[in-house]
Structures are given as structure tokens and as C-alpha cells.
Amino acid sequence: MFSALQRAPDERREYWMREALRAAYEARDRDEVPIGTCVVVDDELLAVSGNRTRTDCDPTAHAEIVALREAARKFGNYRLTEAVVYSTIEPCAMCAGALIQARVKGLVYGATDEKAGAVESHFHICDAEQLNHRVEIVKGVLEAECRALMQEFFRTRR
């Protein structure tokens, strides 16, 4: 049986992933690691952000964290139980933990992060039996573009 998130039309998932990609490109242009995230409730955008760790001199200012903070303020509740988070890259351990703490309904991400991904590549935080919440996951949306953006960014750094 497929959930509502899995049954959502591909074009809607792609639409929101493109919003996250726009934020990732903006982050790249600020010399940040090009990851973008948007938070959506009932097909309405609550928040969008790219990484801001260097800009804000804040190691916690990953795109997911910044977007979740903004979404919670706008929503008026730190529990985002109806939210779907779109991220260009598989979230790290900190960000996956934040998704659990916010009780988000779903996560849609573009490319896996074999090195630091904590959703499916390592740790499986979003569906860990030890935790009190599970996040529904859809992966691979606009995967090639999300992966290419990251690879290009790091290739220019070497």
C-alpha cells in the first residue's frame, strides 16, 4: 500500500525539489555547500533555505535546520506534523534528528550522501525503531541534477 506522499504526482515533487535546488544554487553563489531545502504543508511553501554555515558562522545552519526553524515560526508550532521537507541531498545525522524532533510527515530528497547521509546511507535515523517518530521517505527526485551540483562544487575546490 502506498502512502499519500508516495502517490503524489511526480510533477509536484519535482516542482518543490526545484524550489530546493534554487536555494542550493543561491547557497553555492555565497560559497556555501550547495544544499537547499524547502518545507511544504498542504502544497504551500512555508520555508526555503540553502546552507548558511559560513554566512552565519554557525555549524548548525544547514539548509534543513534553517528551513525548519523558519517553518515552525510561520506555522506557530515546533511540531510540523503535516509538513513535507524537500532536500537536495540526503540529510546528515543532525538534520535527520531535527526532522524527527519536528515530527515532520515526510522527507523527499534528491541524491544520496554516501559519506554523511543519515537517513538511508548510514544510521537510518528517520525510521529507527528506538525513536518515537518515523518519517516517510521518497528519494531520487531530480537526483542527477542534485548530485551534479554537489560534484561540480567540490570539483572546483580540489
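In what follows, the structure referred to is the one given above.
Residues numbered from 1 in each chain as written. Predicted model: local features only at pLDDT ≥ 70, side-chain atom pairs only at ≥ 80, totals over all residues. Heavy atoms only, no water.

Q: What exactly am I supposed to notice about helix α6 (residues 143-157) here?
A: Every α-helical turn comprises 3.6 residues, leaving residues that sit three or four positions apart pointing alike. Between its first and last C-alpha atoms α6 spans 22 Å; for 15 residues at 1.5 Å apiece the expected length is 21 Å, and the two agree. Along α6, the residues that are buried comprise C146, L149, M150 and F153. Here the buried residues of α6 occupy an arc of 90° about the axis, which is enough to place them on one side. The exposed residues of α6 that point more than 90 degrees off its buried face are A144, R155 and T156. Contacts from the buried residues of α6 go to α2 (10-29), α3 (53-56), β3 (83-89) and β4 (106-111). (Helix = DSSP H or I, 4+ residues; strand = E, 2+ residues; numbered from the N terminus. Expected span 1.5 Å × (residues − 1). Buried < 20%, exposed > 50% of the residue type's maximum accessible area, 1.4 Å probe, protein only. Arc of directions from axis to C-beta. Contact = heavy atoms within 4.5 Å.)

Q: Teacher, can you tell me more about the sheet that holds strand β1 (residues 36-41) here?
A: The strands making up a sheet associate through backbone hydrogen bonding, with each pair oriented either parallel or antiparallel. Taking strand neighbours across the sheet as the criterion, the 5 strands line up as β2-β1-β3-β4-β5 in an open arrangement whose pairing is mixed. Both outer strands of the open sheet, β2 (44-50) and β5 (136-139), are each paired with one neighbouring strand and no more. The average undirected angle you get between the axes of adjacent strands in this sheet is 15°. Against the sheet, α2 engages β1, β2, β3, β4 and β5, with an angle of about 50° to β3. Here α6 sits on the sheet in contact with β3 and β4, set at roughly 60° to β4. (Pairing = 2+ DSSP bridges. Axes fitted to C-alpha atoms, helices over the stretch in contact; angles between N-to-C directions.)

Q: Would you take a moment to explain the pattern of salt bridges for this structure?
A: When their charged atoms lie close together, side chains carrying opposite charge are able to pair. Going through the model one piece at a time under the given rule, you end up with 14 salt bridges. Here R28 and D29 are joined by a salt bridge, their closest N and O atoms 3.1 Å apart. Take D29: its relative accessible area is 59%, and that puts it in the exposed class. Salt-bridge contacts for E143 lead to R147; the nearest nitrogen and oxygen are separated by 3.2 Å. Pair noted here: E143 and R147 are both in helix α6, with a separation of 4 residues, about one helical turn. For E143, a relative accessible area of 30% corresponds to the partly exposed category. Residue class for R147 comes out partly exposed when judged on its relative accessible area of 25%. Salt bridges linked by common partners bring R28, D29 and E152 together as one network. (Salt bridge = Lys/Arg side-chain N within 4 Å of Asp/Glu carboxyl O.)

Q: Help me out: how do you make sense of the packing of helix α4 (residues 63-75) against helix α5 (residues 93-102) in this one?
A: When two helices pack together, you describe them by how their axes are tilted relative to each other and by the distance separating the axes. Look at α4 against α5: their axes get within 9 Å of each other, and the N-to-C directions meet at 20°. As far as their axial angle goes, α5 and α4 are roughly parallel. For the element pair α4 and α5, the recorded crossing hand is left-handed. Every residue of α5 that contacts α4 at E64, I65 and L68 is listed here: M94, C95, A98, L99 and A102. Taken together, the residues of the contact of α4 with α5 break down into 7 nonpolar, no polar and 1 charged. (Parallel < 35°, antiparallel > 145°, perpendicular 65-115°, else oblique. Left-handed = near helix turned anticlockwise from the far one by under 90°. Nonpolar A, V, L, I, M, F, W, Y, C, P; charged D, E, K, R; others polar.)

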